[in-house]
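This is what each chain is made of:
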Amino acid sequence: MSNRLAIFDCDGTLVDSQANICMAMEQAFELHGLAAPPREHTRRVVGLSLVEAMHRLLPDADPDQHRALAEDYKRAFSGLRSAGVVHEPLYDGIAETLDALESAGWLLGVATGKSDRGLAFVLEAHGLTDRFVALHTADRHPSKPSPAMLEACMADAGAEPGTSAMIGDTTFDMAMARSANMLAVGVAWGYHDAHELEAAGADVVLDTPAHIAAILKEHG
């Protein structure tokens, strides 16, 4: 029998990291002599791989500049972390939700646009490193909404689409889940609005983490 697998996005789903993301983006654009995008625009691309995010923010720039901006963003974020500025708190109720899912027999995974290093830092900071059986990032896979990260998570966990769910806050997460033929659970506390998640294919959109375990119980 296939294992049951709950796959979470990170930024905007597990942790609230928007302030750090926006600061790093502003520093990267400043290094290139560019006007920083409005923070609302930056929040719209959270979850994509960095090069794809830069393409969305600067569609008329050339690919070399997109790659350079992505590298400078990573350096800016690392600098903020080294300076002790980065703060990525867990959303209220997430820790309890992970406990409830594990108690109910669900395996846990992460599929995120973060880097391997960034994800490792977040999970270690919150004591969650050992909770997840599958960790996949944009460092090793195509950008969302490609289903590649979800397929890798299922392979790691011995799960199948019919016994898996993707939990995320962006339309990219919902489109990725639909591409992988698994349950798409949208969360309304992140960076895209509930109606956008529904339009992107969410099977359900939840207002609080406390509802996740109940929805997956119905599914499983």
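The structure under discussion appears in the preceding block.
This structure is a prediction, so every number in the text was calculated from the model and none was measured.

> Can you walk me through the overall build of the protein in this structure?
Secondary structure summary: the protein contains ten helices and six strands in total. Scaling as 2.2 N^0.38, a compact globule of 220 residues should have a C-alpha radius of gyration of about 17 Å, and the protein matches this with 17 Å. Taking the principal axes of its C-alpha atoms as reference, the protein extends roughly 55 × 35 × 30 Å. Buried positions account for 50% of the 220 residues belonging to the protein. In the protein, 65% of the contacts between residues at least 6 apart in sequence involve partners at least 24 apart. Here the protein displays about 9600 Å² of accessible surface, and carbon together with sulfur accounts for 50% of that area.

> How should I be thinking about the pattern of salt bridges in this particular structure?
Side chains carrying opposite charge are able to pair once their charged atoms draw close together. All chains considered together, the criterion is met by 15 salt bridges. Across the salt bridge formed by Glu-52 and Arg-56, the nearest N and O atoms sit 3.0 Å from each other. Here Glu-52 pairs with Arg-56, and both are found in helix α3 (residues 50–57), just four residues apart, close to one helical turn. One network of salt bridges, in which partners are shared, links Asp-9, Lys-144 and Asp-173.

> Any chance you could explain the pairing of strand β3 (residues 134–137) here in plain terms?
The side chains of a regular strand alternate, first on one face of the sheet and then on the other. Pairing between strand β2 (residues 107–112) and β3: four bridges, direction parallel. Residue pairing across strands places Gly-109 opposite Ala-134, the latter belonging to β3. In terms of handedness, the path from β2 via helix α6 (residues 116–125) over to β3 forms a crossover that is right-handed.

What counts, and where the lines are drawn
Residues numbered from 1 in each chain as written. Predicted model: local features only at pLDDT ≥ 70, side-chain atom pairs only at ≥ 80, totals over all residues. Heavy atoms only, no water. Helix = DSSP H or I, 4+ residues; strand = E, 2+ residues; numbered from the N terminus. Rg over C-alpha atoms; globule rule 2.2 N^0.38 Å. Buried < 20%, exposed > 50% of the residue type's maximum accessible area, 1.4 Å probe, protein only. Contact = heavy atoms within 4.5 Å. Areas by Shrake-Rupley, 256 points an atom, 1.4 Å probe, with all protein chains shown as cover. Salt bridge = Lys/Arg side-chain N within 4 Å of Asp/Glu carboxyl O. Pairing = 2+ DSSP bridges. Right-handed = clockwise from strand over helix to strand, strands pointing away.

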